[in-house]
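Structural features, examined
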Amino acid sequence: MNKPVPIRLLSLLPALPGSWLFAQGLNTALARHLEPDTRNALASQRLRLTVADLGLSFDFRWHGARFEALAPGGAADLVISATLHDLALLAARKEDPDTLFFSRRLVMEGDTELGLLIKNTLDAIDGTPFDPARLHPARLLDHLRRRARTRTRTRA
């Protein structure tokens, strides 16, 4: 079965802008929840999230006090893959990662210990860190603008 035209077009977009936007979303949703030992374990690990049905991958790492986008390519320490639907279910906490993993709808390749650390970290967070309302592109861009203005004021 062929993918619908909009989905095929998404897979043709350059990867780095998408990874940058994804990393900003992670910074907004997760950075404040990460314990120091988790930050240390994530430091400089190359991570990749693949949206299998869209042909999209986001490469990123934890660097300093935030997630940052990485250029595509190169070996990742951990690759997590699933369909957009299943990733949305995970983000909304409507599906358990173990259920998806054992039904082969969620695939982890690479450093499984790192994968378990990420899973356990996400499980330990109260509420839904990936609230779609908070991560809507317009709200995310507003957040980034406010942060940029704050940085500009502190440098002056």
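Note: the structure precedes this text.
In this report, the structure presented in the accompanying data block is examined.

**As for the nonpolar core**
- Formed by 24 residues in total, the largest nonpolar core has its most connected members in L42, L47 and F67.
- Ranked by the residues each element gives to this core, the list is headed by strand β2 (residues 56-63), at four residues.
- Among residues more than four places away in sequence, those in contact with L42 are L34, L47, W62, F67, L114 and I118.

**Some thoughts on the side chain of D59**
- With respect to the secondary-structure elements, D59 resides in strand β2.
- In this view, D59 contacts S19, R46, L47, R48, E68, A69, L70, A71, P72 and G73; residues no more than four positions away in its chain are not counted.

**Thoughts on the pairing of β2**
- Relative to β2, strand β1 (residues 47-51) is paired through five bridges, and the arrangement is antiparallel. By the bridge assignment, L49 is partnered in β2 with F58.
- Sheet topology places β2 next to strand β3 (residues 66-69); four bridges connect them, and they run antiparallel. Bridge pairing in β3 links F60 to A69.
- Hairpin connection from β2 to β3: two residues lie between these consecutive antiparallel strands, with G64 at a positive phi of about 70°.

**Quick word on helix α6 (residues 112-124)**
- Between the first and last C-alpha of α6 there are 18 Å, a value that for 13 residues agrees with the 18 Å anticipated at 1.5 Å per step.
- By the burial criterion, the buried members of α6 are L114, G115, I118, K119 and T121. Each buried residue of α6 lies within a common arc of 165° when the element is viewed along its axis, so the set occupies one face. Projecting away from the buried face of α6 at angles above 90 degrees are the exposed residues E113 and A124.
- Contact partners of the buried residues in α6: α3 (36-42), β1, β4 (78-82), α5 (97-102) and β5 (106-110).
- The opening residue of α6, the one whose side-chain oxygen lies 3.1 Å from the backbone nitrogen of E113, is D111.

Conventions adopted
- Residues numbered from 1 in each chain as written.
- Predicted model: local features only at pLDDT ≥ 70, side-chain atom pairs only at ≥ 80, totals over all residues.
- Heavy atoms only, no water.
- Core = buried A, V, L, I, M, F, W, Y, C linked by side-chain atoms within 4.5 Å.
- Buried < 20%, exposed > 50% of the residue type's maximum accessible area, 1.4 Å probe, protein only.
- Helix = DSSP H or I, 4+ residues; strand = E, 2+ residues; numbered from the N terminus.
- Contact = heavy atoms within 4.5 Å.
- Pairing = 2+ DSSP bridges.
- Expected span 1.5 Å × (residues − 1).
- Arc of directions from axis to C-beta.
- Polar contact = N/O pair within 3.5 Å; in protein donor to acceptor, adjacent residues only side chain to side chain.

Function-wise, these values are silent; they only describe arrangement.
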